[in-house]
Amino acid sequence: MFEHVDAYAGDPILSLNEAFQKDPRAGKINLSIGIYFDNDGRIPMLPSVRAAELAVVEAAGPRPYLPMEGAANFRSAVQALLFGADHPAVQAGRIATIQGVGSSGGLKVGADLLKRYFPDSKVYLSDPTWDNHRAVFEGSGHTCETYPYYDPATGGVRFDALLQSFKALPARSVVLMHACCHNPTGVDLTQDQWRALVPVIRERQLLPFLDLAYQGYGDGIEEDAFAPRLLADEGLSFLIANSFSKSMSLYGERCGGLSIVCPDADQAARVLGQMKFMIRRNYSNPPMHGGQIVAKVLTDPKLRALWEAEVAEMRERIQSMRHQLHDVLVAKLPGRNFDYFLTQRGMFSYTGLSPEQAERLKTEFGVYILRSGRMCVAGLNTRNVEATAEAMAAVLAG
Ligand code: LMR
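From a predicted model like this one, the values you see are computed outputs, not experimental measurements.

**Side note on the overall build of the protein**
Counting its secondary structure elements, the protein contains 15 helices and 13 strands. Expected size for 398 residues packed as a compact globule is a radius of gyration near 21 Å; at 21 Å, the protein falls within 12% of this value. Dimensions of the protein along its principal axes, counting C-alpha atoms only, are 60 × 55 × 55 Å. Counting over 398 residues, the protein shows a buried share of 47%. Across the protein, the fraction of contacts at a sequence separation of at least 24, relative to all contacts at a separation of at least 6, is 76%.

Pasting the structure below:
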């Protein structure tokens with residue numbers, strides 16, 4: 001019956017992470033998947049999240065289905081986190097927010113909705129982008145193309161090329177953009193560059209779809225929400241998928257949202273209705289437990305303050321790893337420029353290593369980075385950073 005089913009080639013990120021788990025070598029180092037590990041190499045259970053979970057379990061009652069759009073307290077907490085509770089767009093009720101299944105689930109609901117209401121629009125992805133973006137949008141029937149983004153020559157953004165490309169896009173094109181901590185490059189647009197994009201987005205009638213999966217890992221929880229707040233301030237219509245996997249270390253609970261900012265409350269109500277329909281015919285409604293933990297952390301003032309400090313600690317630990325890796329590499333390979341480790345932000349660095357060099361790192365040294373050269377800096381710690389730098393230096397020296 002299923003003889004015609006092809007073998008799955010595997011996912012470039014998840015399959016590499018699986019290969020790492022199976023690797024018997026004691027000194028192996030996992031810098032593949034985008035997960036924050038603490039200095040002991042463990043996925044942290046944040047005290048704020050633990051306290052919230054205990055409170056949620058303590059208060060637990062019957063488990064009815066959640067509404068298709070998710071829990072009301074989760075949805076309003078997401079709006080307040082992304083835009084600020086007092087933002088005029090929130091107050092005007094012109095943002096339609098659903099509780100999704102991680103940020104990927106939000107991308108999928110948004111992709112389905114866009115295919116239904118913007119069937120002729122193409123989706124433009126940054127070059128490069130997270131591998132799964134293309135898969136999600138193509139899976140919803142979209143045609144995906146790319147816009148210029150990363151410049152390997154400078155390690156920065158090809159902003160002029162990006163701007164020119166946006167100016168040439170057909171009206172109602174969807175532009176998928178990383179709100180902060182660009183995955184895979186770690187290279188973000190500056191606030192001035194976001195501001196420069198606003199008139200182009202408006203004049204060309206582009207439809208931005210922001211992905212905010214690393215809020216708090218760039219400059220701070222508020223600072224990393226600059227882009228959605230700017231676009232909302234400017235009265236633009238756009239979508240934003242967000243995640244709590246990394247910021248609350250809640251990977252397996254699949255907590256995230258999708259918000260669609262509309263011109264008025266009437267459009268937002270209709271958009272929310274169609275988001276519910278997309279959810280109903282996909283997974284019906286989201287699970288309850290993780291979302292209630294997130295809502296508790298975000299709305300309980302003490303837990304909120306604790307969480308903000310925990311996010312700052314994770315962000316600062318990554319920064320210190322960036323510096324340590326940089327310093328060892330500079331000492332080992334003087335004359336080479338490793339400044340990109342210091343300027344890139346968030347969990348990832350784009351090392352510029354070729355697929356062959358990434359393969360050598362894995363097979364000879366047990367250091368796992370993606371074939372694209374993406375390294376998850378959040379997998380480094382004081383015990384493995386030196387070994388990582390030595391392995392990289394050996395591979396780079398040829
Ligand atoms: C990553 O980019 O490694 C993470 O977002 C995990 C994933 O699902 O790919």
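**As for helix H15 (residues 385-396)**
With 12 residues, H15 extends 16 Å from end C-alpha to end C-alpha; this agrees with the ideal 16 Å at 1.5 Å per step. Taken as a whole, H15 has its buried residues at Val385, Thr388, Ala389, Ala391, Met392 and Val395. For H15, the angular spread of the buried residues around the axis is 165°, confining them to a single face. Directly after H15, the chain includes glycine 398, whose backbone phi takes a positive value near 90°.

**Description of the site of the ligand**
Around the ligand, the surrounding shell consists of Ile13, Ile33, Gly34, Trp130, Asn132 and Asn183. Classifying every residue of the shell around the ligand by side-chain character gives 3 nonpolar, 3 polar and no charged.

**Here's the deal with the domain arrangement of the protein**
Many authors give the size of an interface as the accessible area that is lost as the parts come together. For the protein, the assigned domains are domain 1 (14-45 + 307-396) and domain 2 (65-299). Between the C-alpha centres of domain 1 and domain 2 there is a distance of 27 Å. Contacts between the two partners involve 23 residues from domain 1, matched on the other side by 22 residues from domain 2. In terms of residue count, the dominant contributor to the side of domain 1 that touches domain 2 is helix H12 (residues 301-332) (5 residues). Residue composition of the side of domain 1 that touches domain 2, grouped by class: 13 nonpolar, 6 polar and 4 charged.

**Things to note about the nonpolar core**
Counting residues in each nonpolar core, the largest one holds 116 residues, and the members touching the most others are Met275 and Met347. The leading source of residues in this core is H12, at 8 residues. Looking at which domains feed residues into this core, each of domain 1 (14-45 + 307-396) and domain 2 (65-299) gives three or more. When near neighbours in sequence (up to four residues on either side) are disregarded, methionine 275 contacts Glu69, Ala96, Ile98, Val109, Leu113 and Leu258.

**A word on unusual backbone geometry**
For the bond running from aspartate 127 to proline 128, omega is 5°, close enough to zero to count as cis. Looking at where proline 128 falls in the secondary structure, it is placed in the loop between strand E3 (123-127) and helix H6 (131-139). For the bond from asparagine 183 to proline 184, the omega torsion is 25°, close enough to zero to count as cis. Note that proline 184 resides in the loop between strand E7 (174-178) and helix H8 (191-203). Residues other than glycine seldom take positive phi values, yet cysteine 181 does so here, at roughly 50°. Its location among the elements puts cysteine 181 in the loop between E7 and H8. Residue classification places cysteine 181 among the buried positions, given that 26 C-beta atoms sit within 10 Å. The residue serine 249 is not glycine, and still its phi comes out positive at about 50°. Along the polypeptide, serine 249 turns up in the loop between strand E9 (238-243) and strand E10 (255-261).

**Observations regarding the environment of proline 12**
Topologically, proline 12 is positioned in the segment before helix H1 (14-22). Taking the C-alpha atoms as reference points, proline 12 and serine 372, 360 residues apart in sequence, are found 9.3 Å from one another. If we skip the residues at most four places from it in the chain, proline 12 touches Asp131, Leu370 and Arg371.

**Observations concerning the pairing of E9**
Of all 6 residues in E9, 6 are buried; the element is thus mostly enclosed. Residues Phe238, Ile240 and Asn242 of E9 are buried on one face, and the alternating residues Leu239, Ala241 and Ser243, pointing to the opposite face, are buried as well. Pairing analysis gives 4 bridges linking strand E8 (residues 207-212) to E9, with the strands arranged parallel. Within E9, the residue paired with leucine 212 across the bridge is asparagine 242. For the crossover from E8 across helix H9 (residues 226-233) to E9, the handedness is right-handed. Where E9 lies against E10, 6 bridges are found, and the strand directions are antiparallel. When the sheet's bridge partners are listed, serine 243 is paired in E10 with glycine 256.

**Side note on the confidence of the model for the protein**
Low pLDDT marks regions whose predicted coordinates should not be analysed in detail. Per-residue confidence for the protein averages 97 on the pLDDT scale, and 100% of its residues sit at or above 70. With a pTM of 0.97, the predicted complex shows an ipTM of 0.97.

**Details of the environment of histidine 182**
Following the sequence through the fold, histidine 182 ends up in the loop between E7 and H8. Taking the C-alpha atoms as reference, histidine 182 lies 15 Å from glutamate 223; in sequence the two are 41 residues apart. Those residues in contact with histidine 182 that sit more than four places away from it in its chain are Val187 and Asp188.

Reading guide: rules and limits
Residues numbered from 1 in each chain as written. Predicted model: local features only at pLDDT ≥ 70, side-chain atom pairs only at ≥ 80, totals over all residues. Helix = DSSP H or I, 4+ residues; strand = E, 2+ residues; numbered from the N terminus. Rg over C-alpha atoms; globule rule 2.2 N^0.38 Å. Buried ≥ 20, exposed ≤ 12 C-beta atoms within 10 Å, placed from the backbone. Contact = placed C-beta atoms within 7 Å. Expected span 1.5 Å × (residues − 1). Arc of directions from axis to C-beta. Near = placed C-beta within 6 Å. Nonpolar A, V, L, I, M, F, W, Y, C, P; charged D, E, K, R; others polar. Domains from an automatic or database assignment. Core = buried A, V, L, I, M, F, W, Y, C linked by C-beta atoms within 7 Å. Pairing = 2+ DSSP bridges. Right-handed = clockwise from strand over helix to strand, strands pointing away. pLDDT = per-residue confidence, 0-100.

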